[in-house]
Amino acid sequence: MTIAVKHRVLLTLFMLLLLAAFGLPFLSYAPNRLLSGKSLSLFSLLHGPALWLLLPLAALAILSLLPPTRGRALLAALAACGVLTLAFWISGQAAERLAQEGSRLARTSWGSGCWLTMALSLLIAADAMARLTASHLWRMLGNALVLVPPALLLFGHQLDQLSLLKEYHNRQEVFDAALLQHLTILLATMIPALAIGVPLGVLCFRSERWQRPIFSALNIIQTVPSIALFGLLIAPLAGLATAVPWLAEHGVSGIGMAPAIVALVLYALLPLVRSVVAGLQSVPAGVIESATGMGLTRGQIFLRVQLPLALPLFLTGVRILAVQTVGMAVVAALIGAGGFGAIVFQGLLSSALDLVLLGVIPVVMMAVIVDSLFKFWVSILDVSRR
């Protein structure tokens, strides 16, 4: 007897979730953060209230064999949220119990099985939200609601005994300073990039003669590796700071924020200029002709017609460069720019995986938040245009 698979996506994700949760180490327990940990399986943790995890898993198993509907998509999202929340809770409770039994230096970390379980739960929830509604705004809200119960556990100090949270509490001031520094790098890159990139994009759109050399130069900059570009800027900026003491007094030097921001701005120009040109080219010629026939000047046509219609594509380019800047700012720590990259490289030098994750996870979350905010903005523009 054969069983027809009605929901291949959910079934595939669910099977991967089972393999990850029960086939890979769920937690790792080590005497201290420098020693290799002892793997703990999910089977060894499933006792008492932790058995509730089987309920959402069973629900996902049943739903994966049924035809997809909106109601079942909602149930799948709730079940995925349950798996994610219980994975957080089980790991937090196990870490607290192991902390009481072991020494103060002992560390309990999420294993590969736990990481994959949480990631696959989020993917199942995201797929369910996509089936629930076509509206990007509602999907974003639904995905955010899935994260509310785990966030309550986190801020309710239920996970404080996990190694990652111990690293955070031990370096809270350093973490806060790195967050501020990373946001500073992002804003200090975005503002000059927009000030330079938007006029260049308009120039490339209006002048075919300038378009080829500008794009050629920006493509060459984009092919230079980031570390190499940071290094190339050290000598000229150090010489400039020596020649102009006023610049040195305001923080310009061969290392630090100055070369990082200059390099990131140069990297940001290509996607930004391309998005400006693509947005302006997407405006129908008939609309411009109609505006010209109404007596609008060239400047009025640009501000009232071309710019509003090109804005969604332009914002897409800004979204790309913002996410790119958040990630590349990590590498800028190699020349003393600070940010979360400093925490990442400190963890790499000390072979402390949790310290690396303390720097990596906020960068990923920041990139996701920035990406979602721009998508939210574009969605609002699409709705308003309709």
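Attention here is on the structure that accompanies the text. (Residues numbered from 1 in each chain as written. Predicted model: local features only at pLDDT ≥ 70, side-chain atom pairs only at ≥ 80, totals over all residues. Heavy atoms only, no water.)

1. Some remarks on the sheet that holds strand β2 (residues 38–40)
Step number 1: In space, the three strands of this open sheet follow the order β2-β1-β3, with antiparallel pairing throughout. Each edge of the open sheet carries a strand with a single partner, namely β2 and β3 (107–110). Across the sheet, the axes of successive neighbouring strands diverge by a mean angle of 25°, strand direction being ignored.
Step number 2: In this sheet, β3 lies alongside strand β1 (residues 27–30) in antiparallel orientation, the contact comprising four bridges. Bridging across to β3, Leu 27 finds its partner in Trp 110. (Pairing = 2+ DSSP bridges. Helix = DSSP H or I, 4+ residues; strand = E, 2+ residues; numbered from the N terminus. Axes fitted to C-alpha atoms, helices over the stretch in contact; angles between N-to-C directions.)

2. Things to note about helix α1 (residues 8–23)
Step number 1: Here α1 is 16 residues long and its end C-alpha atoms lie 21 Å apart, about the 22 Å a rise of 1.5 Å per residue gives.
Step number 2: Among the residues of α1, those classed as buried are Leu 10, Leu 13, Phe 14, Leu 17, Ala 20 and Ala 21. For α1, the arc enclosing every buried residue in end-on projection is 130°, short of the 170-degree limit, so these residues lie on one face. Exposed side of α1, more than 90 degrees from the buried face: Arg 8, Leu 19 and Gly 23 are the residues found there.
Step number 3: Close packing links the buried residues of α1 with α2 (54–63), α3 (70–101) and α4 (112–132). (Expected span 1.5 Å × (residues − 1). Buried < 20%, exposed > 50% of the residue type's maximum accessible area, 1.4 Å probe, protein only. Arc of directions from axis to C-beta. Contact = heavy atoms within 4.5 Å.)

3. Observations concerning the nonpolar core
Step number 1: The biggest cluster of nonpolar side chains holds 83 residues, and the ones touching the most others in it are Phe 26, Leu 53, Leu 60 and Trp 110.
Step number 2: Ranked by the residues each element gives to this core, the list is headed by α3, at 15 residues.
Step number 3: Every residue in contact with Leu 53, bar those within four places of it in the chain, is listed here: Leu 42, Leu 46, Val 83, Leu 86 and Ile 90.
Step number 4: Leu 229, Phe 230, Ala 258 and Ala 332 belong to the second largest nonpolar core, which has 16 residues in total. (Core = buried A, V, L, I, M, F, W, Y, C linked by side-chain atoms within 4.5 Å.)

Note that every value here comes from positions in space, so none of it alone points to a role or purpose.
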